[in-house]
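A structural walkthrough
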Amino acid sequence: QSKRRGMLVVVLSSLFAAALAAPNANDAPSRLPLLRKRHVAGSMVTRVPRIFLSAAALGGGEDPRRNPSHGIHGSHDISTAGSRAHVSHVSRRVPGYVASSQSGEMSSARVDGEKEGGGDAHEWVWRGNKIAWKEAGPKDGPCVVLIHGFGVSSSQYRDNLPALAAKGYRTFALDLLGLGSSEKPVIDYSIEMWADQVSDFVQEVVGRPSVLVGNSIGSLIGLAVAQPSRIEKYAFPLVNGLVLINCAIGMNSKIKEDPSIPPWQFFILSSLFGLVDFVLNSPVAKPLFNSLRGQENIRNLLTNLYANPARVDDYLVREVVTAANDVGAFEVFVKILTGDPGTRPEVLMEDVMVPTYVLWGDNDPVTPINGPVGKYFKGLSEGGDLGSSVNSNGRNLQCTTTFETLPGAGHCPHDDDPAVINGKIAAWLDTLLR
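Below you will find a few notes about this structure. Here the residue index of a chain counts from 1 through its sequence in written order. Predicted model: local features are reported for residues with pLDDT of at least 70 only, side-chain atom pairs are reported and counted for 80 or more only, and whole-chain, interface and lining totals are derived from all residues. Computation of side-chain values: all heavy atoms of the structure, hydrogens and water removed.

As for the overall build of the protein
Segments assigned H or I by DSSP are reported as helices when at least four residues long, segments assigned E as strands when at least two residues long, and all are numbered from the N terminus. A count of helices and strands for the protein gives 17 helices and ten strands. Burial classification: accessible surface area is computed with a 1.4 Å probe over protein chains only, and a residue below 20% of its type maximum counts as buried, one above 50% as exposed, and the rest as partly exposed. Across the 434 residues of the protein, 59% fall into the buried class. A contact between two residues is defined here by any heavy atoms of the two lying within 4.5 Å. Pairs at least 24 apart in sequence give 76% of the contacts found in the protein among residues at least 6 apart. In the form shown here, the protein has an accessible surface area of approximately 16800 Å², with 56% of it arising from carbon and sulfur atoms. Throughout, the Shrake-Rupley method with a 1.4 Å probe supplies accessible areas, and for residues the shown protein chains are the sole cover considered.

Structural notes on the nonpolar core
We define a nonpolar core as any set of buried Ala, Val, Leu, Ile, Met, Phe, Trp, Tyr and Cys residues linked to one another through side-chain atoms lying within 4.5 Å. Within the largest apolar cluster, 62 residues are counted, with the highest numbers of intra-cluster contacts made by W194 and F377. With nine residues, helix α5 (residues 191-206) is the largest single contributor of residues to this core.

A few points about the pairing of strand β8 (residues 239-245)
With respect to burial, β8 is a largely interior element, six of its seven residues being buried. Two strands form a pair only when DSSP identifies at least two bridges running between them. Across six bridges, strand β7 (residues 210-215) lies against β8 in parallel orientation. Note that in β8 the partner of G214 across the bridge is L244. As defined by bridge partners, β8 adjoins strand β9 (residues 356-361) across four bridges and the pair is classed as parallel.

A few points about the pairing of strand β5 (residues 143-147)
Of all five residues in β5, five are buried; the element is thus mostly enclosed. Burial along β5 is two-sided: the face carrying C143, V145 and I147 and the face carrying V144 and L146 are both buried. The pairing of β5 with β7 spans five bridges and is classified as parallel. Residue pairing for β7: I147 is matched across the bridge by G214.

Quick notes on unusual backbone geometry
A negative phi angle characterises most non-glycine residues, just as the trans form characterises most peptide bonds. Here S216, not a glycine, exhibits a phi torsion of approximately 60°, which is positive. Here S216 is to be found in the loop between β7 and α6 (217-225). For S216, a relative accessible area of 8% gives the class buried.

Topic: the pattern of salt bridges
Whenever a carboxyl oxygen of Asp or Glu lies within 4 Å of a side-chain nitrogen of Lys or Arg, that contact is scored as a salt bridge. Summed over all chains, the structure comprises 16 salt bridges. Residue K184 is joined to D326 by a salt bridge in which the shortest nitrogen-to-oxygen separation is 2.6 Å. Separated by 142 residues along the polypeptide, K184 in the loop between β6 (170-174) and α5 and D326 in the loop between α11 (314-324) and α12 (329-338) bring together distant segments of the chain. Summarising the burial analysis for this pair, K184 and D326 share the class buried.

Written out as structure tokens, the structure is:
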């Protein structure tokens with residue numbers, strides 16, 4: 001029976017990996033050798049990072065010691081007059097995560113006032129759910145909002161938030177609903193929903209136009225917020241610039257019918273995703289992902305996304321493990337992975353009216369620089385044939401889009417080599433806002 005269970009795990013893992021690698025199928029030959037060269041945890045399932053990083057970050061058992069109605073603790077509410085927001089100033093305290101003999105998670109505790117995430121921690125109530133966020137920098141400085149990617153949290157900006165604040169920028173970072181230390185309601189998740197969250201955050205908490213900096217799906221959310229049809233609903237222009245770091249194709253790796261994909265290939269991929277959806281909604285899913293969320297698996301999966309393994313430290317691993325044990329975390333993971341991937345970045349970009357700075361690690365195994373989105377943004381900046389230089393609003397995208405390759409960088413260059421990325425972003429911000 002144990003052998004059959006083990007074979008089932010391998011088969012299902014292979015199906016998940018194949019399906020989630022599918023959007024960049026044309027790049028698969030160049031991606032897989034790279035992944036095989038990386039240090040991984042022995043098992044074949046760790047060679048395709050996206051699904052298993054997500055599983056490690058979101059799937060798993062619930063820790064009853066973590067308050068189900070509070071992503072973070074020790075708050076006192078301060079209602080903001082004339083606003084839908086309720087902002088709470090929080091003493092950054094999360095109960096210690098005690099090691100389990102079954103899963104091997106790390107034992108770790110935070111103390112009151114800890115600032116490892118890079119700024120003062122707060123809480124904001126959005127649509128009845130508590131959202132964790134951080135801030136740093138001068139009150140009168142130009143505003144920057146940092147948006148994290150799938151499976152992590154604002155803590156991944158631990159060295160970016162204080163550095164930009166030190167340059168004179170009022171810098172914010174928030175945890176997306178369902179991720180990090182924010183609450184995890186079992187609802188339908190989408191890029192549009194998160195874009196609503198970020199838009200409301202800028203209006204109600206930040207209070208001024210901001211440059212949005214996003215990594216992976218954080219970039220996609222930034223593009224969705226910057227749509228003119230969304231901005232016109234708010235009291236002031238929400239966005240005055242975008243920084244996109246290794247932009248994702250969608251909320252998950254599902255694909256929609258595309259003329260560039262042969263019908264036979266689309267049929268096979270659609271069938272794979274249908275099978276993945278079925279399995280994720282079956283009793284098999286939770287035990288499968290529980291088996292992948294131990295401390296060492298998470299560390300190895302994160303290492304597969306980083307060029308510098310030393311950056312995958314105890315703090316980063318602890319943040320991911322802790323979020324994986326929140327009530328509703330596994331259900332949120334399933335909702336995200338089986339939901340609508342949303343509008344592709346190439347389509348969203350067509351209506352963006354603000355200057356855009358695109359940074360891309362050329363060693364990214366998740367969204368390769370030679371994949372369709374990387375090629376699109378690079379061609380857009382260079383005025384190539386891969387993107388129209390003038391969008392539907394008459395904006396010259398070539399003149400206002402800057403693309404920069406980051407040699408050797410992986411999927412999370414902002415945390416992989418923060419000193420370099422901070423310098424590049426600060427220099428671009430200085431040109432844009434000073």
